[in-house]
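# Observations on chain architecture
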Amino acid sequence: MYWERYTHHRIKERILQALKENINYDEYPILGVPATYLDEEEFYPDAPFLENAPFMKTLIANPNHIGVHTLDNGRSLKIFKGTQAIERELIEIVSEQVFQGEPKQQDGYIASGGTEANIQAVWIYRNYFEKEFGASPQEIALVYSEDTHYSIPKAANLLGLPSIIISVEEDTRLIQEEDLERKVSEAMEQGVRYFIVISNLSTTMFGSVDPVDVYANFFLKRQLPFKLHIDAAFGGFIFPFVNRDPLYSFKNPHVTSIATDGHKMLQAPYGTGIFMIRKGYFDYVVTPQAQYIPGLDYTLCGSRSGANAVAVWMILRRYGSEGWKAKMEELLYRTDDLCASLDELGVKYYRHPNINIVAIKAEYVPANLAQKYFLVADSYQRAPKWWKIVVMPHVRQGFIDRFLEELALHLKKQPI
C-alpha cells in the first residue's frame, strides 16, 4: 500500500489547476447546463479567503459529477473534467491501494454516504440475477447478520427483496453458522434461489467483523449462486491499515463490491460515501433515459457535488499512506488503553482488536453517566443492552480518563 503524501501547497495547486480545467461560466458561452453556478449574491466567488481554502473554492465552483467517471467510455460532462480527474484518482487510491484491487479493474464513485453505496450494490446484484438468470425479485434474497446496518433492510424494502437475517453470538458477535444453514434452507423451500450476501467490515454498533470466508464457503459448497458485498462504511479506513487480510479486499475473488465512508474515520464532510465494484457490473444499472448526459448515469443519486470527492482526496493526500497508517495505529493504541482500564475494573465489553469501537455491557454503566458522556445505545426503543464508545482523533484522552474515574466510583458503590 502506497500513495504519496502532498504538502498543503501542492494540494492547493492541484485543486486550483483542476478548477481551471473545468469550464468557467464567466469565460465560456455555456447555454445548456442548468443549476451549477451558485447564486453570486450569497456565494460570491471572489471572497479573498477562497484562495487559501481549496475545498471551499471547489464548493463555490459547484462542479456536478453526475455519472461514473472511471468507466472506460470516457464520456462525461467535459465542463468538469478537471475535478472528475481527481475523483478518478481517488477511486484508484481506495480500490487499489487500500483494498488491493488490480490496476484499472474497479469502477466507483463518491456517493452520499454508506447507505447509498450499500443500496447501489444491492440494486446492481438484483438486476444482475434478473438479467443473467431470469430471476424474479422473490427468488433473490439478501443475507446479512442481525448487527448489519439498517441500510440493508432499507435496500430490501426499496427493491422488493426478501431478507435472511442471521443471528450472532452474544459475546463474540460472530454469525451463527447453524442459523445460516437453517434459514437459507428455509428460504429455498420458499423459492429463493439467488443470494446477495452482505459481509460487515466493522458493524456500526460493535465494530465486529463478519467472517467473509464462512459466507463464501457456505454458498460455494452448496453451489448456490451468490454475490458478496463488503460494507466497510466504518472499518474501511482503519482495518486495512492495521490488518492486510486479503479476504476483506478485492484480492478475494468472491468479493465483488465494497462500500466505505469518508465522513466517518476520515473525518471528511458529510456526503462522502465511496462505492467500488469490479468492472462490468455498472452495466446492470445503466439509465438509458439519461440521454442528455454524455456518459449516461449509473448511480442512485444522479447529480452530486464534485467538492466531496475533492475533500476525501485532500485528506488522503495530506497524510499519504504511511501517515494515515500511523494515525490509525495510534487510535488502536488508545483503544487498547481504554480496554485495559475496563479490564482492571472488571467491566465486560466487546471489542474487535483492529477496530476503535468499544461496546460496554449496559449493566456496568448507569444511564446518567452514559448520557453525560454521550455514549450511544444499541437501542433507544427498549432498555439498552450495550453502550458504545468510539475512540476518534477528536475524543480527548482527558474525557476518557474522567469517564473511567466516574465509572470506577459507580462500580465501587454498586459492584456488579
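Description of the structure in this document.

### Considering the packing of aromatic side chains
The full count for this structure, using the stated rule, is 23 aromatic pairs. Ring geometry for Phe129 and Tyr194: centres 5.3 Å apart, planes at 35°, overall tilted. Note that Phe129 is positioned in helix H4 (residues 114–133) and Tyr194 in strand S4 (residues 194–200), a separation of 65 residues in sequence. For the pair Phe129 and Tyr194, one class covers both residues: buried. Ring geometry for Phe275 versus Phe282: centroids 5.8 Å apart, planes at 85°, classification edge-to-face. Given the relative accessible area of 1%, Phe282 is considered buried. Taken together, the ring pairs connect Tyr125, Tyr128, Phe129, Phe133, Tyr194, Tyr281 and Tyr284 into an aromatic cluster. The residue whose ring lies beneath Arg10 is Tyr6, and the NZ or CZ to ring-centre distance is 3.8 Å. The cationic tip of Arg173 hangs over the ring face of Phe206; the distance from NZ or CZ to the ring centre is 3.9 Å.

### A closer look at the pattern of salt bridges
Within the structure shown, the criterion is met by 20 salt bridges. Between Lys325 and Glu329 there is a salt bridge, with its nearest N and O atoms 2.4 Å apart. Of this pair, Lys325 and Glu329 both sit in helix H9 (residues 306–345), 4 residues apart, roughly one helical turn. Residue classification places Lys325 among the partly exposed residues on the basis of a relative accessible area of 30%. What you see here is one network of salt bridges that share partners, running through Asp179, Arg182, Lys183 and Glu186.

### Some details on the environment of Pro294
Here Pro294 is to be found in the loop between strand S7 (273–278) and H9. Assessed through its relative accessible area of 34%, Pro294 is described here as partly exposed. Sequence separation of Pro294 and Gly67 is 227 residues, and the distance between their C-alpha atoms is 9.0 Å.

### Here we look at the pairing of strand S3 (residues 163–166)
Burial along S3 is one-sided: the face carrying Ile164 and Ile166 is buried and the face carrying Ser163 and Ile165 is not. By the bridge criterion, 4 bridges tie strand S2 (residues 140–145) to S3 in an arrangement that is parallel. When the sheet's bridge partners are listed, Ser145 is paired in S3 with Ile166. The parallel pair S2 and S3 is bridged by helix H5 (residues 151–159), and the resulting crossover is right-handed.

### What about the nonpolar core?
Core analysis: the biggest nonpolar cluster contains 92 residues, and Phe195, Val365 and Phe403 have the highest contact counts within it. If you tally residues by element for this core, the top one is H9, at 16 residues. Non-local contacts of Phe195, meaning those with residues more than four positions away in its chain, are made with Phe129, Ala141, Val143, Ile164, Val184, Met188, Phe219, Leu224, Pro225, Phe226 and Lys227. By size, the runner-up hydrophobic cluster in this structure holds 34 residues, among which are Trp123, Ala135, Leu161 and Ile196.

### Concerning the pairing of S4
Of all 7 residues making up S4, 7 are buried, and the element is well covered by its neighbours. Alternating positions in S4 separate into two faces, Tyr194, Ile196, Ile198 and Asn200 on one and Phe195, Val197 and Ser199 on the other, with burial throughout. As defined by bridge partners, S2 adjoins S4 across 4 bridges and the pair is classed as parallel. Looking at the pairing, Ile140 lines up with Tyr194 of S4. Bridging between S4 and strand S5 (residues 226–232) involves 6 bridges; their strand directions are parallel. Its bridge partner being in S5, Ile196 is matched across the sheet by Lys227.

### Observations concerning the sheet that holds strand S10 (residues 376–377)
Pairing in this open sheet of 4 strands is antiparallel, and the strands run S8-S9-S11-S10 from one edge to the other. Single-partner strands in this sheet number two, and they are strand S8 (349–350) and S10. Judged from the 2 bridges that link them, S10 and strand S11 (residues 386–390) form a sheet pairing that is antiparallel. Within the sheet, the bridge partner assigned to Ala377 lies in S11 and is Trp387. Across the sheet, H9 is in contact with S8, strand S9 (357–361) and S11; its angle to S9 comes to roughly 15°.

### Description of the side chain of Ser151
For Ser151, the position within the fold is in helix H5. According to the relative accessible area criterion, Ser151 is buried, its value standing at 0%. Separated by 3.0 Å, the side chains of Ser151 and Asn118 make a polar contact. In terms of polar contacts, Ser151 uses its side chain to reach the side chain of His149, at 2.9 Å. Apart from the residues lying within four places of it in its own chain, the contact partners of Ser151 are Thr115, Asn118 and Ile119.

Cut-offs and rules
- Residues numbered from 1 in each chain as written.
- Predicted model: local features only at pLDDT ≥ 70, side-chain atom pairs only at ≥ 80, totals over all residues.
- Heavy atoms only, no water.
- Phe/Tyr/Trp six-rings, centres within 6.5 Å; stacked < 30°, edge-to-face > 60°.
- Helix = DSSP H or I, 4+ residues; strand = E, 2+ residues; numbered from the N terminus.
- Buried < 20%, exposed > 50% of the residue type's maximum accessible area, 1.4 Å probe, protein only.
- Lys NZ or Arg CZ within 6 Å of the ring centre and 35° of its normal.
- Salt bridge = Lys/Arg side-chain N within 4 Å of Asp/Glu carboxyl O.
- Pairing = 2+ DSSP bridges.
- Right-handed = clockwise from strand over helix to strand, strands pointing away.
- Core = buried A, V, L, I, M, F, W, Y, C linked by side-chain atoms within 4.5 Å.
- Contact = heavy atoms within 4.5 Å.
- Axes fitted to C-alpha atoms, helices over the stretch in contact; angles between N-to-C directions.
- Polar contact = N/O pair within 3.5 Å; in protein donor to acceptor, adjacent residues only side chain to side chain.

All quantities given are derived from atomic positions and should not be read as evidence of function.
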